[in-house]
Amino acid sequence: MDIRLQIEPFDPGALLTAFSEGRLETGAVVSFTGLMRAEGGEADTLELDAYPGFTEAEIGRTAAAAVARFGLQDVLVAHRYGVMAPGEPIVFVATAAAHRRAAFEAADHLMDYLKSRAPFWKRSRGPSGDRWIEPTTQDRQDAARWDAPEPKETP
Amino acid sequence: MARVLLFGMLGDAAGWRERTLAEVPATLSALRALLSAETPRLAEALARPGVQAAVDKTLARGDVALTQGCEVAFLPPMSGG
């Protein structure tokens, strides 16, 4: 498990290549890259406030729970903070599992958490001024999908 | 000595994001009261629902005692990345 919080930009392709190397028992690697949207010119830059030390620890707790829940072999989360411009990668998640379903679901789950509950504070700076951004209702609903108890499989 | 950190909109409300206090208040609630008394806008922001505090990078549940050299962070509701 590898959780990285960094100011510097990252190369999603290089992260995925390194993550996928030397895996003899991994049948599936799923990755997600989140980019900053320009919002049709409404957002010049995005500023993400994070608490180094605390933010990685909190993400790590959720990632560890995802490893156990989905039976992952490995997970990588790289998240930037500071000031970002449209088109730049903000977040990268990769999951490795024996089979694809676990890898897909775990990546989906981790992204829902990262987009709605992870310790970041987000400010958009644009022509109409600065504004702190709260998670959208959609973000919250996406995250809540994973809170429901797993349906029992019928034998 | 205690280090105090404010994140997100709390920093805007206070006009600072980090500072060091020479005297360590006895408890988290005493620190909160001290900061609130100084800046009405921060008092209002700290009173908003969902504001949490972390002492030495661990979320505080309820009131806790503060010690020399501690780091206290006030965290508005987390927005995700």
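Owing to the predicted nature of the structure, the values given are computational and were not obtained by experimental measurement. (Residues numbered from 1 in each chain as written. Chains lettered and ligands numbered in written order. Predicted model: local features only at pLDDT ≥ 70, side-chain atom pairs only at ≥ 80, totals over all residues. Heavy atoms only, no water.)

How would you explain the pattern of salt bridges if you had to name every residue and give the values?
Applying the stated criterion to the full structure yields 17 salt bridges over all chains. A salt bridge links Arg 145 of chain A to Asp 108 of chain A; the shortest N-O distance between them is 3.2 Å. Taken together, the residues span a long stretch of sequence, with Arg 145 of chain A in the segment after helix H4 (137-144) and Asp 108 of chain A in helix H3 (residues 100-116) at a distance of 37 residues. Under the relative-accessibility criterion, Arg 145 of chain A is labelled partly exposed at 46%. Owing to a relative accessible area of 33%, Asp 108 of chain A belongs among the partly exposed residues under this scheme. Arg 19 of chain B is paired through a salt bridge with Glu 38 of chain B; the nearest N and O atoms lie 2.9 Å apart. Residue Arg 19 of chain B is found in strand S2 (residues 18-21), and its partner Glu 38 of chain B is found in helix H2 (residues 28-38); the two are separated by 19 residues along the sequence. (Salt bridge = Lys/Arg side-chain N within 4 Å of Asp/Glu carboxyl O. Helix = DSSP H or I, 4+ residues; strand = E, 2+ residues; numbered from the N terminus. Buried < 20%, exposed > 50% of the residue type's maximum accessible area, 1.4 Å probe, protein only.)

Residues and numbers for the interface of chain A and chain B, please.
With 22 residues of chain A at the interface, the matching set in chain B holds 18 residues. Both faces considered, chain A and chain B share a buried interface measuring about 1600 Å² in area, 58% of it formed by carbon and sulfur atoms. Contact with chain B buries surface across chain A, with Tyr 51, Phe 54 and Trp 121 of chain A losing the most and accounting together for 42% of the total. If you look at where chain A meets chain B, you find two salt bridges. The partner of Arg 17 of chain B in a salt bridge is Asp 49 of chain A, with the nearest N and O atoms 2.7 Å apart. At the surface where chain A touches chain B, the tally comes to 13 residue pairs in polar contact (both at pLDDT 80 or more). Sorting the residues of the side of chain A that touches chain B by element identifies strand S3 (45-50), H3, strand S7 (120-126) and strand S8 (129-133) of chain A as the ones contributing at least two each. Taken together, the residues of the side of chain A that touches chain B sort by class into 13 nonpolar, three polar and six charged. (Contact = heavy atoms within 4.5 Å. Buried area = accessible area lost by both parts, 1.4 Å probe. Polar contact = N/O pair within 3.5 Å; in protein donor to acceptor, adjacent residues only side chain to side chain. Nonpolar A, V, L, I, M, F, W, Y, C, P; charged D, E, K, R; others polar.)

An account of the nonpolar core is needed here, citing residue identities and associated values.
Within the largest apolar cluster, 33 residues are counted, with the highest numbers of intra-cluster contacts made by Ile 59, Phe 70, Val 93, Leu 114 and Phe 120 of chain A. If you list the elements that add at least two residues to this core, you get strand S2 (28-35), S3, helix H2 (54-70), strand S4 (74-80), strand S6 (89-97) and H3 of chain A. If you look at the next biggest cluster of nonpolar residues, it comprises 23 residues, including Leu 6, Leu 28, Ala 45 and Cys 70 of chain B. (Core = buried A, V, L, I, M, F, W, Y, C linked by side-chain atoms within 4.5 Å.)

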